[in-house]
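Below are the chains, spelled out letter by letter.
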Amino acid sequence: MELRTLRYFVAVAEELHFGRAAARLHMSQPPLSRAIKRLEAETGAALFDRSPAGVALTGVGEVLLDEARALLDRADRLRARVAAAAGAATITVGILGGSADPHAIRLAGEFRRLHPRVEVRVRDTDLTDPTCGLHAGLVDVALTRGPFDETGLAVRVLRADPVGALLRADDPLARRGSLEPADLAGRRWFRFPEGTDALWQAYWNAGAVRDGPVVRAVQECRQAVLWNGTVGMTLLDDEPAEGLTVVPLTGVEPSRAVVAWKEGDTDPLIRSFVRTVATVYRD
């Protein structure tokens, strides 16, 4: 079995949708379908149950998925270790500033276990660049949030987190069980500087043009609310500072935690990092 074909299979098995898997692999659907059919012919068994309702793994497919993940992970580690032996191997990871993701500690530990000789450089970025320097070529891979301009990038969604309205604790709306963006119409919102990614700005403004203080960091968002009584969006499970509160915000898509890297990059360290991230977040 070719590693490339196994990567195709894993993508379909994880997405359970040929169209989404093809988009993730940056290929069209027909050659992906043909590759999976060849793999089924090679294994002598169906790997997926296909029906109008969707795609599901067969028992044989579940076994192959476990083995394929292990084999691909081993292949990526082999390439990375050879690269490390040939010279000082490094990877630069961009992380969106203010992120307190509980998966980060597990991710760091697992990646160090897999690549003990690799130096990991971390670039902490503020809220004005959701790609954490990817577009500018400052990092190899980014742990961030969407949406943003994905031109030239490969992006994999890890998790979707509900959002809420960040308010002063004494704000009259703070007593509400939930809010809609319309409830905040006319209020001043904290916003990002001019020139910030348009998709990113629109999402955190709940799809409307807002007026209010310009911020660059999470702490600045909180201070803008505390000192000026402005409002804005934040993750629902964020721990607000004293004097602030978060009220669930309906009618807004959850915030997507993603890993992103340069489209077409075949660096084994980056591949291994992405696979490690996916495993840690899946568990």
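Summary of the structure given here. Within each chain, residue numbers correspond to sequence positions counted from 1 in written order. Since the coordinates come from a predicted model, pLDDT governs what is reported: local features require at least 70, and pairs of side-chain atoms require 80 or more to be given and counted, while whole-chain, interface and lining totals use all residues. With hydrogens and water set aside, each side-chain value is computed from the structure's full complement of heavy atoms.

## Topic: the overall build of the protein chain
Phase 1: For the purposes of this entry, the term helix denotes a DSSP run of H or I that reaches at least four residues, the term strand denotes a run of E that reaches at least two, and both are numbered from the N terminus. Along the backbone of the protein chain there are eight helices and ten strands.
Phase 2: Based on the C-alpha atoms only, the size of the protein chain along its principal axes is roughly 65 × 50 × 30 Å.
Phase 3: Three exposure classes are used, based on accessible area relative to the maximum for each residue type with a 1.4 Å probe and protein chains only: buried under 20%, partly exposed in between, and exposed over 50%. Taking all 283 residues of the protein chain together, 45% fall into the buried category.
Phase 4: Taking contacts inside the protein chain between residues at least 6 apart in sequence as the whole, the part at least 24 apart equals 71%. Whether two residues touch is decided by their heavy atoms; if any such pair falls within 4.5 Å, the residues are in contact.

## Points about the sheet that holds strand β10 (residues 255–262)
Phase 1: Within the open sheet, the five strands sit side by side as β4-β3-β5-β10-β6. Their pairing is mixed. Since the sheet does not close on itself, it has two edges, and those belong to β4 (119–125) and β6 (153–161), each with one partner. Ignoring which end each strand starts from, the neighbouring axes of this sheet average 20 degrees apart. Two strands make a pair as long as DSSP finds a minimum of two bridges between them. Helix axes use the C-alpha atoms of the stretch in contact, all axes being lines fitted to C-alpha atoms, and the angles between their N-to-C directions lie in the range 0 to 180 degrees.

## Observations concerning the sheet that holds strand β7 (residues 163–168)
Phase 1: Strands sit in the order β8-β7-β9 across an open sheet of three strands; the sheet is antiparallel. Looking at strand neighbours, the two that pair on one side only are β8 (232–235) and β9 (244–248), the edges of this open sheet. Across this sheet, the average inter-strand angle for adjacent strands is 45 degrees, counted without regard to direction.
Phase 2: Bridge count for β7 against β8 is four bridges, and the pairing is antiparallel. The residue of β8 that forms the bridge with Leu166 is Gly232.
Phase 3: On the sheet, helix α7 (residues 218–228) packs against β7 and β9 and is oriented at approximately 45 degrees with respect to β7.

## Points about helix α1 (residues 3–15)
Phase 1: Expected helix span is given by 1.5 Å per residue-to-residue step, counting one fewer step than there are residues. Taking 1.5 Å per residue, 13 residues should reach 18 Å; α1 reaches 18 Å between its end C-alpha atoms and fits that length.
Phase 2: Among all positions in α1, only Thr5, Leu6, Arg7, Tyr8, Phe9, Val10, Ala11, Val12 and Ala13 are buried.
Phase 3: Following α1 by one or two positions, Leu16 adopts a phi angle in the positive range, close to 50 degrees.

## Points about the nonpolar core
Phase 1: The biggest cluster of nonpolar side chains holds 37 residues, and the ones touching the most others in it are Leu167, Leu179, Leu184, Trp204 and Met233.
Phase 2: In terms of residue count, the dominant contributor to this core is β7 (four residues).
Phase 3: Residue contacts for Met233: discarding those within four places in its chain leaves Val163, Gly164, Trp189, Phe190, Tyr203, Trp204, Ala206, Leu249 and Val252.
Phase 4: Within the second largest apolar cluster, 22 residues are counted, among which are Ile36, Leu39, Phe48 and Leu65. Throughout this description, the term nonpolar core refers to a set of buried Ala, Val, Leu, Ile, Met, Phe, Trp, Tyr and Cys residues connected via side-chain atoms within 4.5 Å.

## Thoughts on the packing of aromatic side chains
We describe a pair of aromatic rings using the distance from one ring centre to the other and the angle between the two ring planes.
Phase 1: Note on aromatic contacts: the rings of Phe and Tyr and the six-membered ring of Trp form a pair at centre separations within 6.5 Å, being stacked when their planes are under 30 degrees apart, edge-to-face when over 60 apart, and tilted otherwise. Per the counting criterion, the structure on display carries six aromatic pairs.
Phase 2: The interplanar angle of 65 degrees and the centroid separation of 6.0 Å between the aromatic rings of Phe18 and Phe48 together place this pair among those described as edge-to-face. Of the two residues, Phe18 sits in helix α2 (residues 18–25) while Phe48 sits in strand β1 (residues 48–51), which places them 30 residues apart along the sequence.
Phase 3: For Phe18, a relative accessible area of 10% puts it in the buried group.
Phase 4: Classification of Phe48 as buried rests on a relative accessible area of 2%.
Phase 5: A centroid spacing of 6.2 Å and a plane angle of 15 degrees characterise the contact between Phe192 and Trp200, whose relative ring orientation is stacked.
Phase 6: A relative accessible area of 1% places Trp200 in the buried class.
Phase 7: Aromatic rings pair up to connect Phe192, Trp200, Tyr203 and Trp204 into one cluster.
Phase 8: The aromatic ring of Trp189 is capped on one face by Arg210, whose charged end is 4.0 Å from the ring centroid. Geometrically, a charge over a ring is one whose NZ (Lys) or CZ (Arg) sits within 6 Å of the ring centre while staying within 35 degrees of the ring normal.

## Some thoughts on unusual backbone geometry
Phase 1: Residue Gly146 is joined to Pro147 through a cis peptide bond whose omega torsion reads 0 degrees.
Phase 2: One can find Pro147 in the loop between β5 (141–145) and β6.
Phase 3: In this model, Leu16 sits at a positive phi of 50 degrees, which is unusual for a non-glycine residue.
Phase 4: By secondary structure assignment, the location of Leu16 is in the loop between α1 and α2.
Phase 5: Judged by its relative accessible area of 36%, Leu16 falls in the partly exposed class.
Phase 6: Non-glycine residue Cys132 carries a positive phi angle of around 60 degrees.
Phase 7: We classify Cys132 as buried; its relative accessible area is 0%.

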